[in-house]
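Observations on chain architecture
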Amino acid sequence: MKKSELLYAVVTVAALGAAAALPFISHRGGTQAAPGWADFVSPGHLSAKHEFLASNCEACHTPHRGPTADKCIACHASGGATDGLLAKQSTRFHADIGDCSECHVEHLGHAHRPVLMVHEQLVRAATRAASNTPPVTADATAILDAIARASRATPPHGRISPREMTLDCNSCHANQDPHRGLMGTGCASCHATGASAGGWSIPEFRHPSSLSTDCASCHQAPPSHYMEHFSMVSMKVAGIEHANVSQCFLCHKTNSWNDIKGVGWYKHH
Ligand code: HEC
Ligand code: HEC
Ligand code: HEC
Ligand code: HEC
Ligand code: HEC
Ligand code: HEC
Ligand code: HEC
């Protein structure tokens with residue numbers, strides 16, 4: 001399926017929702033019908049790139065329902081930024097997320113980029129999608145089961161919620177994995193999700209001392225170390241005559257890979 005078709009699928013779902021809500025939407029005049037109304041109820045200035053919509057609340061808001069995805073998609077489905085989103089591993093979920101305003105905060109003024117990643121929202125979206133699929137498919141049942149199971153499970157550390165444990169972190173973050181796969185794909189067993197929890201850093205982590213000799217159990221050498229470059233350059237630079245690639249500790253310290261033991265800072269030329 002093409003990227004744009006995926007987005008149109010979202011539009012269709014959103015449109016069905018809007019149709020169901022029609023009987024409840026009695027008031028259709030909106031901003032234009034009541035001049036000055038907007039100034040009274042707007043909770044704050046829009047973000048810089050949406051400022052041009054300051055007198056057109058209905059561009060994003062559906063009367064009585066608040067901001068709805070169909071409105072956002074009307075402008076964002078066609079090319080540009082949206083294509084970029086679908087091309088990038090971590091934001092590909094935009095193809096079928098169905099709701100926008102839980103991560104896209106507004107009315108915080110010009111200085112504020114209207115983006116706030118809320119991982120919990122991904123779990124909610126999965127639950128919603130699964131419980132809305134009639135008849136309940138094997139897939140949907142599996143998602144609901146996993147979420148129900150996870151809600152009772154004990155997380156491996158206190159910085160992540162049981163529900164967030166159901167997310168496949170690696171499916172979105174594999175490109176950012178600095179461990180080159182050596183720590184496995186269960187990122188959540190060590191990491192938390194939010195900026196408030198310190199991003200990717202792990203407060204309780206203490207790096208093993210430079211006296212350790214099992215560096216290779218957590219680190220993988222770059223490809224150049226498995227080529228001629230290793231004996232021609234790396235070993236010469238380090239001044240080591242006999243070494244196996246796995247003996248990182250012979251040449252490396254723990255502060256930086258470019259600070260070579262007994263040699264100092266090595267710069268590429
Ligand atoms: C009338 C068209 C229109 C509507 C409706 C609209 N946007 Fe936008 N949006 C834009 C334009 C134009 C930009 C600027 C694009 C650019 O600079 O490439 C933008 C920018 C953005 C940005 C990037 C902002 C930044 O500072 O980097 C986000 C995120 C965004 N929109 C999300 C949304 C969401 C979520 C909704 C619905 C609540 C929405 N938009 C509704 C037209 C619209
Ligand atoms: C689970 C959270 C989440 C939801 C839900 C979500 N987004 Fe996003 N969105 C993000 C994040 C995070 C980024 C920033 C990605 C980046 O900077 O690489 C983003 C970026 C964007 C951008 C590009 C902004 C730019 O800088 O050019 C647009 C447009 C956008 N989202 C529209 C939408 C629309 C439309 C919806 C609803 C259909 C939606 N988003 C739902 C998290 C979300
Ligand atoms: C670019 C899209 C956009 C435009 C244009 C916009 N809003 Fe919003 N508005 C949002 C989003 C998204 C939220 C919910 C997320 C949040 O609270 O940050 C929101 C929240 C609100 C809320 C809080 C209650 C609720 O429904 O969630 C009010 C009140 C509101 N807007 C009024 C207005 C008024 C009045 C205007 C016109 C002057 C306006 N908005 C224009 C996107 C928009
Ligand atoms: C569906 C995609 C998706 C999944 C699944 C996902 N994330 Fe994210 N995550 C994002 C996006 C998008 C961002 C915003 C930054 C970016 O564009 O990479 C983000 C940001 C982060 C950040 C950086 C926070 C910050 O502000 O510094 C951390 C840490 C993180 N995620 C951890 C996790 C962990 C742990 C899991 C599994 C429990 C997970 N993520 C699952 C998409 C995802
Ligand atoms: C067995 C535990 C473990 C697992 C599993 C794990 N990590 Fe890490 N990760 C760590 C530790 C420890 C650090 C160092 C944290 C610090 O210095 O505070 C780290 C650091 C990071 C950093 C920050 C690197 C930097 O230089 O700032 C990122 C990004 C990261 N991990 C992503 C991932 C991703 C993505 C996954 C899953 C594919 C993953 N990790 C799996 C333990 C783990
Ligand atoms: C128990 C696992 C583990 C062992 C053993 C280990 N490290 Fe690390 N090391 C990490 C993690 C996790 C990080 C941070 C994330 C990343 O870069 O993978 C890290 C980061 C580093 C960094 C990057 C520092 C920076 O910020 O650029 C260097 C250099 C390093 N280690 C060298 C070593 C050396 C040399 C040894 C052996 C003496 C060693 N490590 C043993 C887990 C380990
Ligand atoms: C015989 C000494 C020696 C051993 C053993 C060795 N390295 Fe290196 N390594 C070097 C030198 C010298 C450099 C910098 C010059 C170069 O690229 O060869 C380097 C560079 C690196 C870099 C930086 C590459 C870059 O592009 O910035 C990383 C990462 C690295 N080594 C990791 C490792 C790991 C992990 C191990 C063990 C599994 C290891 N090395 C074993 C000598 C060694």
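That block above? That's the structure.
I will try to describe carefully the structure that is included in this document.

Our next topic: the overall build of the protein. Assigned secondary structure in the protein consists of nine helices and four strands. Ordered by position from the N terminus, the helices and strands of the protein form the series α-α-α-β-β-α-α-α-α-α-α-β-β. Across the 269 residues of the protein, 24% fall into the buried class. If you take every contact in the protein between residues at least 6 apart in sequence, the share linking residues at least 24 apart comes to 54%. In the structure as shown, the protein presents an accessible area of about 17800 Å², 61% of it carried by carbon and sulfur atoms.

Attention shifts here to the coordination of the iron atom of ligand 2. Donor atoms from the polypeptide that bind the iron atom of ligand 2 are His94 (NE2) and His104 (NE2), placed at 1.9 to 2.0 Å. Geometry at the iron atom of ligand 2 is octahedral, judged from its six donor atoms and the angles of 85 to 178 degrees they form at the metal. Of this pair, His94 sits in the loop between helix H5 (81-87) and helix H6 (119-131) while His104 sits in the loop between H5 and H6, and the two are ten residues apart along the sequence.

Next up on the list: the coordination of the iron atom of ligand 6. Taken together, the protein ligands of the iron atom of ligand 6 are His207 (NE2) and His219 (NE2), with distances of 1.9 to 2.0 Å. Here the iron atom of ligand 6 binds six donor atoms, and the angle range of 86 to 179 degrees at the metal identifies the geometry as octahedral. Taken as a pair, His207 in the loop between helix H8 (169-173) and helix H9 (228-238) and His219 in the loop between H8 and H9 lie far apart in primary sequence, twelve residues in all. You can call His207 partly exposed: its relative accessible area is 42%.

So, on to unusual backbone geometry. Positive phi, normally seen in glycine, also occurs at His64, with a value near 70 degrees. Structurally, the position occupied by His64 is in the loop between strand S1 (61-62) and strand S2 (66-67). The phi angle at His107 is positive, at roughly 65 degrees, despite the residue not being glycine. Inspection of the secondary structure assignment puts His107 in the loop between H5 and H6. Classification of His107 as partly exposed rests on a relative accessible area of 21%.

Inspection of the region around ligand 6 gives 19 residues, with His179, His207, Cys215, Cys218 and His219 positioned closest. Within the side chain of His179, a nitrogen or oxygen atom sits 3.2 Å from an oxygen atom of ligand 6. A distance of 2.7 Å separates a nitrogen atom of ligand 6 from a polar atom in the side chain of His219. Of the residues in the shell around ligand 6, the class split is seven nonpolar, ten polar and two charged.

What counts, and at which threshold
- Residues numbered from 1 in each chain as written.
- Chains lettered and ligands numbered in written order.
- Predicted model: local features only at pLDDT ≥ 70, side-chain atom pairs only at ≥ 80, totals over all residues.
- Heavy atoms only, no water.
- Helix = DSSP H or I, 4+ residues; strand = E, 2+ residues; numbered from the N terminus.
- Buried < 20%, exposed > 50% of the residue type's maximum accessible area, 1.4 Å probe, protein only.
- Contact = heavy atoms within 4.5 Å.
- Areas by Shrake-Rupley, 256 points an atom, 1.4 Å probe, with all protein chains shown as cover.
- Donors = N, O, S within 2.8 Å, 3.2 Å for Na, K, Ca; no water.
- Tetrahedral: all angles 85-135°; square planar, octahedral: opposite > 155°, others 65-115°.
- Near = heavy atom within 4 Å.
- Polar contact = N/O pair within 3.5 Å; in protein donor to acceptor, adjacent residues only side chain to side chain.
- Nonpolar A, V, L, I, M, F, W, Y, C, P; charged D, E, K, R; others polar.

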